[in-house]
Amino acid sequence: MISVTSADERDLPFLYITEASVFSDAWSEGAIRGHLLSEHTLSLIAREGDTPLGYLLASVLPPEGELYRIAVCPAARRRGVGRLLLDELFRLAIERGAEKIYLEVRESNLSARALYGSVGFETVGLRKNYYRRPDENAAVLVKGLV
Ligand SMILES: CC(C)(COP(=O)(O)OP(=O)(O)OC[C@H]1O[C@@H](n2cnc3c(N)ncnc32)[C@H](O)[C@@H]1OP(=O)(O)O)[C@@H](O)C(=O)NCCC(=O)NCCS
């Protein structure tokens with residue numbers, strides 16, 4: 001069974017290694033540690049038994065939340081892990097009083113955009129040349145929670 005819980009400092013090696021292997025513009029270990037220790041943030045990890053499969057980093061400052069990072073290990077993809085992480089984000093964000101969740105995604109990231117579309121995110125804007133390594137536009141997406 002796959003479970004989703006809060007991540008803590010013991011999960012840092014998994015988060016850092018996965019982040020570095022999945023993203024071309026990966027957050028540093030320090031940035032991830034800072035996120036884990038910050039107020040108004042959510043850090044979630046999905047596990048099957050003791051094996052970590054994926055993580056999600058977000059902030060919730062009602063009435064809005066923002067999703068910063070979601071990643072699932074390549075071998076565990078298309079098993080619903082990304083959707084489980086997002087469902088837990090929505091549940092906790094609603095509990096904390098958020099009414100909507102924003103995110104930015106690379107225009108070319110079709111798998112992530114398919115995932116976000118499947119859980120109700122809608123595209124509301126475009127940020128030109130928002131990303132580096134490589135340079136790319138960001139699509140801005142939002143999902144209402146209420
Ligand atoms: C995007 C990502 C998190 C999806 O995780 P996942 O666990 O594979 O997603 P799920 O299994 O929960 O997929 C849920 C739905 O999203 C859509 N989806 C996910 N991956 C897809 C893909 N490669 N192609 C098409 N649709 C996809 C499908 O609708 C899927 O439902 P289905 O499997 O019943 O068809 C994963 O591909 C990943 O880690 N990518 C690299 C990191 C990244 O790009 N993160 C997002 C930017 S911050």
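See the structure above.
An account of the accompanying structure is given in this report.

**Topic: the site of the ligand**
Arg 77, Gly 82, Ser 111, Ala 114 and Leu 115 are the nearest of the 19 residues found near the ligand. Considered class by class, the residues forming the shell around the ligand number nine nonpolar, five polar and five charged.

**Considering helix H1 (residues 12–22)**
Looking only at H1, the buried set comprises Leu 15, Thr 18 and Glu 19. Angularly, the buried residues of H1 cover 100 degrees about the axis, an arc narrow enough to put them on a single face. Opposite its buried face, H1 presents the exposed residues Pro 13 and Ser 21, each directed more than 90 degrees away. Close packing links the buried residues of H1 with helix H2 (29–37), strand S3 (51–61) and strand S4 (64–72).

**Remarks on the sheet that holds strand S7 (residues 136–144)**
With mixed pairing, the seven strands of this open sheet are ordered in space as S1-S2-S3-S4-S5-S7-S6. The open sheet is flanked by strand S1 (2–6) and strand S6 (122–131), the only strands paired with a single partner. Adjacent strand axes in the sheet meet at a mean angle of 25 degrees when their direction is disregarded. Of the pairings in the sheet, the one linking S6 to S7 comprises six bridges and is antiparallel in character. Among the inter-strand pairings, Arg 127 is bridged to a residue of S7, identified as Ala 138.

The rules behind each value
- Residues numbered from 1 in each chain as written.
- Predicted model: local features only at pLDDT ≥ 70, side-chain atom pairs only at ≥ 80, totals over all residues.
- Near = placed C-beta within 6 Å.
- Nonpolar A, V, L, I, M, F, W, Y, C, P; charged D, E, K, R; others polar.
- Buried ≥ 20, exposed ≤ 12 C-beta atoms within 10 Å, placed from the backbone.
- Helix = DSSP H or I, 4+ residues; strand = E, 2+ residues; numbered from the N terminus.
- Arc of directions from axis to C-beta.
- Contact = placed C-beta atoms within 7 Å.
- Pairing = 2+ DSSP bridges.
- Axes fitted to C-alpha atoms, helices over the stretch in contact; angles between N-to-C directions.

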